[in-house]
Amino acid sequence: MTKLEVAIERLRALPSAAQEALAEEILDLLDEAPALTQAQWAEIERRIAGPDDFASDEEVEAFFKRHGA
């Protein structure tokens, strides 16, 4: 089950008034969200899919040694 499906299932379990209030908040958020291009969405998905290349412990240690910290 996707996170969206879990969220919808949990929303449906709430009383009607709470469902309506949350639905209104979600719709407001969606209306305020900036429109992204397909390329921007693809970049977001790429970044979410895996970590960037972070410095190794050795690289961090060498950096601080070079800069006297």
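Every residue gets a number counted from 1 within its own chain, in the order that chain's sequence is written. Residues qualify for local features only when their pLDDT is at least 70, as the model is predicted, and side-chain atom pairs are given and counted only at 80 or more; totals for whole chains, interfaces and linings, by contrast, use all residues. As a rule here, side-chain values cover all heavy atoms of the structure and leave hydrogens and water aside.

K.L.:
So what's going on with the packing of aromatic side chains? Which residues, and what values?
P.N.:
Aromatic rings from Phe, Tyr and Trp, with only the six-membered ring used for Trp, were paired whenever their centres fell within 6.5 Å, and each pair was classed as stacked if the ring planes differed by under 30 degrees, edge-to-face if by over 60, and tilted otherwise. A full pass over the atoms with the stated rule returns one aromatic pair. Considering the side-chain rings of Phe-63 and Phe-64, the 5.4 Å spacing of their centres and the 80 degrees angle between planes classify their relative orientation as edge-to-face.

K.L.:
Give a detailed account of a nonpolar patch on the surface, specifying residues and quantitative values.
P.N.:
On the surface, Leu-14, Leu-22, Ile-26, Leu-27 and Leu-30 cluster together to form a nonpolar patch covering roughly 430 Å² of accessible area. Secondary structure elements are defined from DSSP: runs of H or I of at least 4 residues count as helices, runs of E of at least 2 residues count as strands, and each element is numbered from the N terminus. When you line up the elements, Ile-26 lands in helix α2 (residues 16–32). Since its relative accessible area comes to 39%, Ile-26 is described here as partly exposed. Each patch is built from residues that are more than 30% exposed by relative accessible area and take part in no salt bridge. Like charges join if they lie within 9 Å; nonpolar side chains (Val, Leu, Ile, Met, Phe, Trp, Tyr) join within 5 Å. A 1.4 Å probe and the Shrake-Rupley method give the accessible areas. Residues count as covered only by the protein chains that appear here. Here a salt bridge means any side-chain nitrogen of Lys or Arg lying within 4 Å of a carboxyl oxygen belonging to Asp or Glu. Relative accessibility decides the category of a residue: with a 1.4 Å probe and only protein chains considered, values under 20% of the type maximum give buried, values over 50% give exposed, and everything between is partly exposed.

K.L.:
Describe the pattern of salt bridges, with residues and values.
P.N.:
One pass over the structure, following the stated rule, counts three salt bridges. Between Glu-43 and Arg-46 there is a salt bridge, with the nearest N and O atoms lying 2.7 Å from each other. With a gap of three residues between them, Glu-43 and Arg-46 both fall in helix α3 (residues 38–49), about one helical turn apart. Judged by its relative accessible area of 28%, Glu-43 is partly exposed. Assessed through its relative accessible area of 45%, Arg-46 is described here as partly exposed. The partner of Glu-43 in a salt bridge is Arg-47, and the shortest N-O contact between them spans 2.7 Å. With Glu-43 and Arg-47 both in helix α3 and four residues apart, the pair spans about one turn of that helix. Residues joined in a network through salt bridges with shared partners are Glu-43, Arg-46 and Arg-47.

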